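Analysis of the macromolecular model
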Amino acid sequence: MSDGTTPAVDVALFGALGDLALRKLYVALYHLDREGLMHEETRILGLARQEYDIDAFRARVRDALESRVPGDERTEETLTRFLDRLAYIQLEFDATEGYRQISQWHGHNSHPLTVYLSVPARLYGEICSNLSQTGCLDSESRVVVEKPIGYDLESSREINDAIGAVFDESRIYRIDHYLGKETVQNLLALRFANPLFGNQWNQNQISHVEITVAETVGIEGRWGYFDQAGQLRDMVQNHLMQLLCMIAMDPPSNLDADSIRDEKVKVLKALRPIEGERLNTDVVRGQYVAGTSGGKQVPGYLEEEGANTDSRTETFVAFKTEVSNWRWAGVPFYLRTGKRMPEKLSQIVIHFRQQSHYIFDPDQRGMASNKLIIRLQPDEGIALQVLTKDSGLDKGMRLRTGPLHLDFHQAFPSTRIPDAYERLLLEVMKGQQYLFVRRDEIEYAWRWVDTLIAGWEARDMPPKRYPAGSWGPVSSIAMITQDGRSWYEDY
Ligand code: BG6
């Protein structure tokens, strides 16, 4: 089925039996098919090391769909239609022989070969080169790659060079799944379609900005990977930097991919590094110890399965930075993200400045400012905290604060909010890059992160402990209170 606007593609999915594919990718592709957003001729080729025949592969994908797609969103007909699109080839990624079968399967029909690399980044270069050598690719082929791209600036350059030796930048889709989230996209509409906000979005009107991305999960069997990365590389270098860019960027001249990405790069270039004395005052790293999560006792990071008990890797980081440009000079951006927090919450809070001429009760002056709260997950929505007169004859002109609230689920009840991967895969099929990260964005983000890590290493600064189920080390609260502010709390 086709909506007439999504072109047909041949998807070659490397890592077809991996965790991401089984948890997210088939579900997202299935939804696109079910909603009529996938061209009827689109086909999906699974590629993995395991010896599966096509029936066993389809059965595995069916299991994944049946356990993840709610019953009222699937029928035998929709499942079968999707599963019929699938093919499977067993492949050793480092041996060129198998790649010729990909070429045969694709047969150089007119549908672009769309290679999805859901495998570790160290394999990207080799796979791309094998695809090229065996004649699988043509000028229309695309590649989709997952984070993390590298471990630091240098390793990310090596990986990007290897991909770039085969694919032109205009054919590379680097995923940051936060850019596919509904509310993250809404930031563009909110900022650039509403003059009300557009005109206020600068240092004259905004006092500070908070970004919180909190997770309840711990390490979930990924200790080996996570311990090499830590929360700064795993979450800040990509997801939080992208959110910061969406909040701080100047209006792009249009919605073209490069217009948007040019503006994001300017923000990353202007981001003040944390170094020198700021390492003591502007950043806090933490590591969780045993505590309670979701009403259950949970182990500390160093007691998780596979843990190296001396690890100093951070599972939490909070910091203060500034975008040193005309629009934002003097406006602190406070960011924090951690594992094993009390709830899963991704939220941006824009704090507007107080009225300069204030005429109400002097003792209420502290509350007399507006906040815009943008909730990315869960319960996607936007709330504007406004001040009104408190009701009641005895209240005089006392003020109270209350939200003007847009809850996406309530406002658009019949609309299912699509998972980020659905939107991203749809954009890949359409050949649109604006939700994907350009090479220079990744490299400027790494530059900033590398400076911070070098500072931590030079000072040999261990992470501070925090109990699982808390909002991080106490010093992350002190970091903001020393500026006379607090993290927004209205969970
Ligand atoms: C991934 C990180 O990129 O994002 C994980 O590697 C993290 O550690 C996940 O848990 C969070 O994504 P979401 O969409 O659940 O907020």
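Quick caveat: nothing in here was measured; it's all calculated off a predicted structure. Residue indices begin from 1 for each chain and proceed along its sequence in written order. Confidence filtering applies because this is a predicted model: local features only for residues at pLDDT of at least 70, side-chain atom pairs given and counted only at 80 or more, and all residues used for totals across whole chains, interfaces and linings. With hydrogens and water set aside, each side-chain value is computed from the structure's full complement of heavy atoms.

**Observations concerning the environment of isoleucine 159**
Basically, it comes down to this: Runs of H or I in DSSP of at least four residues are treated as helices and runs of E of at least two as strands, each being numbered from the N terminus.
Within the secondary structure, isoleucine 159 is located in helix 6 (residues 153–164). When the C-alpha atoms of isoleucine 159 and glutamate 126 are compared, they prove to be 9.9 Å apart, with 33 residues separating the residues in sequence.

**Quick look at the site of the ligand**
Convention followed: Only heavy atoms are used to decide nearness, and a residue is near a molecule or strand if one of them lies within 4 Å of it. Polar contact is defined as a pair of N or O atoms within 3.5 Å, subject to the rule that within protein one atom must be able to donate a hydrogen and the other to accept it, and that residues adjacent in sequence are counted only when both atoms are side-chain atoms. All accessibility values rest on the Shrake-Rupley procedure with a 1.4 Å probe; residue burial counts only the protein chains present in the view.
Taken together, Lys147, His177, Tyr178, Lys181, Glu215, Arg222, Asp234, Met235, His239, Lys339, Lys344 and Gln377 make up the full set of residues adjacent to the ligand. Here lysine 344 contributes a side-chain N or O atom positioned 2.8 Å from an oxygen atom of the ligand. One of the side-chain nitrogen or oxygen atoms of glutamine 377 is found 2.8 Å away from an oxygen atom of the ligand. Surface burial for the ligand is 80%, taken as the share of its 400 Å² of free accessible area covered by protein chains. Per element, the largest residue contribution to the shell around the ligand is three residues, and it comes from helix 9 (residues 223–248).

**A few points about the packing of aromatic side chains**
Rules: Two rings from Phe, Tyr or Trp (for Trp, the six-membered ring) form a pair when their centres sit within 6.5 Å of each other. Planes less than 30 degrees apart are called stacked, planes more than 60 degrees apart edge-to-face, and all others tilted. Two conditions define a charge sitting above a ring: the NZ of Lys or the CZ of Arg must be within 6 Å of the ring centre, and it must be within 35 degrees of the ring normal.
Here the structure, examined in full by the defined rule, presents 17 aromatic pairs. Each member of the aromatic cluster is reached from another via a ring pair, and the members are Trp223, Phe226, Tyr288, Tyr301, Phe316 and Tyr466. Note that arginine 43 overlies the ring of tryptophan 105, its terminal NZ or CZ placed 4.4 Å from the centroid.

**Structural notes on empty space enclosed by the protein**
Put simply, the test is: The rule is simple: put a 1 Å grid over the protein atoms alone, call a set of points where a 1.4 Å probe fits but cannot get out a cavity, call an open set with protein on both sides within 12 Å along at least five of seven lines a pocket, and count a residue as lining if it has an atom within 4 Å of a point. Grid points are joined across faces, edges and corners, and a volume is the space filled by probe spheres set on the points. Gly counts as polar in this scheme, as do all residues outside two lists: the nonpolar Ala, Val, Leu, Ile, Met, Phe, Trp, Tyr, Cys and Pro, and the charged Asp, Glu, Lys and Arg.
All told, the structure shown has four cavities of 30 Å³ or more when counted by the stated rule. Here the largest cavity defines a volume of roughly 140 Å³. Forming the boundary of the largest cavity are 15 residues, of which Asp176, Gln237, Asn238, Val437 and Ile442 lie nearest the centre. Within the residue set of the lining of the largest cavity, elements represented by two or more residues are helix 9 and helix 14 (439–459). Its residues assigned to classes, the lining of the largest cavity shows seven nonpolar, three polar and five charged.

**So, the sheet that holds strand 4 (residues 113–117)**
Let me state the cut-off plainly: A strand pair is defined by DSSP finding two or more bridges across the two strands. Working convention: axes come from line fits to C-alpha atoms, limited for helices to the stretch in contact. Angles between N-to-C directions cover 0 to 180 degrees.
Here six strands make up an open sheet; going across it, the order is 3-2-1-4-5-6 and the pairing parallel. Unpaired on one side and paired on the other, strand 3 (86–90) and strand 6 (172–174) mark the two borders of the sheet. The mean angle between the axes of side-by-side strands here comes to 20°, regardless of whether they run parallel or antiparallel. Relative to strand 4, strand 1 (residues 10–14) runs parallel, the two being bridged by five bridges. What sits directly across from valine 11, in strand 4, is threonine 114.

**So, the side chain of aspartate 10**
To be explicit about the condition: Throughout, a contact is declared for two residues whenever any of their heavy atoms are within 4.5 Å.
Mapped onto the elements, aspartate 10 comes out in strand 1. Side chain to side chain, aspartate 10 and arginine 43 meet in a polar contact 2.8 Å long. Residues in contact with aspartate 10, not counting those within four places in the same chain, are Arg43, Trp105, His106, Asn109, His111, Pro112, Leu113 and Thr114.

**Observations regarding the pairing of strand 11 (residues 316–321)**
Selection criterion: Working definition: with a 1.4 Å probe on protein chains only, accessible area under 20% of the residue-type maximum means buried, over 50% means exposed, and in between means partly exposed.
The buried fraction of strand 11 amounts to six of the six residues, a majority that puts the element mostly inside the structure. As judged from the four bridges shared by strand 8 (residues 283–289) and strand 11, these two strands associate in the antiparallel manner. Bridge pairing in strand 11 links glycine 286 to phenylalanine 316. The pairing of strand 11 with strand 12 (residues 333–338) spans six bridges and is antiparallel.

**Observations concerning the UniProt feature "active site" (unreviewed entry) in the protein chain**
Stated formally: UniProt positions are given in the numbering used here, feature names are shortened, and annotations may be inferred rather than shown by experiment.
Here, UniProt's "active site" (unreviewed entry) annotation points to His239. Position of histidine 239 relative to the elements: it lies in helix 9. Contacts of histidine 239, omitting those with residues within four sequence positions, involve Lys147, Asp176, His177, Tyr178 and Asp234.

**Some words on the UniProt feature "binding site: NADP(+)" (unreviewed entry) in the protein chain**
UniProt records the feature "binding site: NADP(+)" (unreviewed entry) for Arg49, Glu92, Phe93 and Lys147 in the present numbering. None of the other annotated residues line the largest cavity; only Lys147 do. Residue class for arginine 49 comes out partly exposed when judged on its relative accessible area of 41%. Excluding anything up to four places from it in sequence, arginine 49 contacts Tyr88, Gln90, Leu91, Glu92 and Phe93.

**Thoughts on the pattern of salt bridges**
As a working rule, side chains carrying opposite charge can pair if their charged atoms are close by. Selection criterion: Basic side-chain nitrogens of Lys or Arg form a salt bridge, by our definition, when they fall within 4 Å of a carboxyl oxygen of Asp or Glu.
Here the structure, examined in full by the defined rule, presents 34 salt bridges. When the shortest N-O distance is used, the salt bridge between lysine 264 and glutamate 441 registers 3.0 Å. Of this pair, lysine 264 sits in helix 10 (residues 257–270) while glutamate 441 sits in helix 14; the two residues are 177 residues apart in sequence, bridging distant segments of the chain. A residue is classified by how much of its surface remains accessible, and lysine 264, at 1% relative accessible area, is buried. Given a relative accessible area of 1%, glutamate 441 falls into the buried group. Residue aspartate 363 pairs with arginine 398 through a salt bridge whose shortest N-O separation is 3.5 Å. Taken together, the residues aspartate 363 in the loop between strand 13 (345–352) and strand 14 (371–377) and arginine 398 in the loop between strand 15 (381–389) and strand 16 (399–407) connect sequence positions 35 residues apart.

**Some points on helix 13 (residues 420–430)**
Burial runs high along helix 13: 10 of the 11 residues are buried. Buried residues of helix 13: Ala420, Tyr421, Glu422, Arg423, Leu424, Leu425, Leu426, Glu427, Val428 and Met429, and no others. For helix 13, the secondary structure elements touched by its buried residues are helix 1 (19–34), strand 4, strand 5 (142–145), strand 6 and helix 7 (182–193). N-capping of helix 13 is provided by aspartate 419, with a side-chain oxygen placed 3.0 Å from the backbone N of tyrosine 421. At the C-terminal side of helix 13, glycine 431 shows a positive phi close to 75°.

**Details of the state of the cysteines**
Applied cut-off: Throughout, a disulfide means two cysteine sulfur atoms within 2.5 Å of one another.
Taken as a whole and judged by the stated rule, the model has zero disulfides. The cysteine cysteine 128 is free of any disulfide, with cysteine 136 supplying the nearest cysteine sulfur at 11 Å.

**Topic: helix 6**
Short version of the rule: Each helix should span, by expectation, one fewer than its residue count multiplied by 1.5 Å. An arc is given here, and it is the one of the directions from the helix axis to the C-beta atoms.
For helix 6, with 12 residues, the first-to-last C-alpha span of 16 Å sits near the 16 Å given by 1.5 Å per residue. Listed in full, the buried residues belonging to helix 6 are Leu153, Ser155, Ser156, Ile159, Asn160 and Ile163. Mapping the buried residues of helix 6 onto a view down its axis gives an arc of 165°, with all of them on the same face. Exposed and oriented more than 90 degrees from the buried face of helix 6 are Glu154 and Glu158. Taken together, the buried residues of helix 6 touch helix 5 (124–133), strand 5, strand 6 and helix 14.

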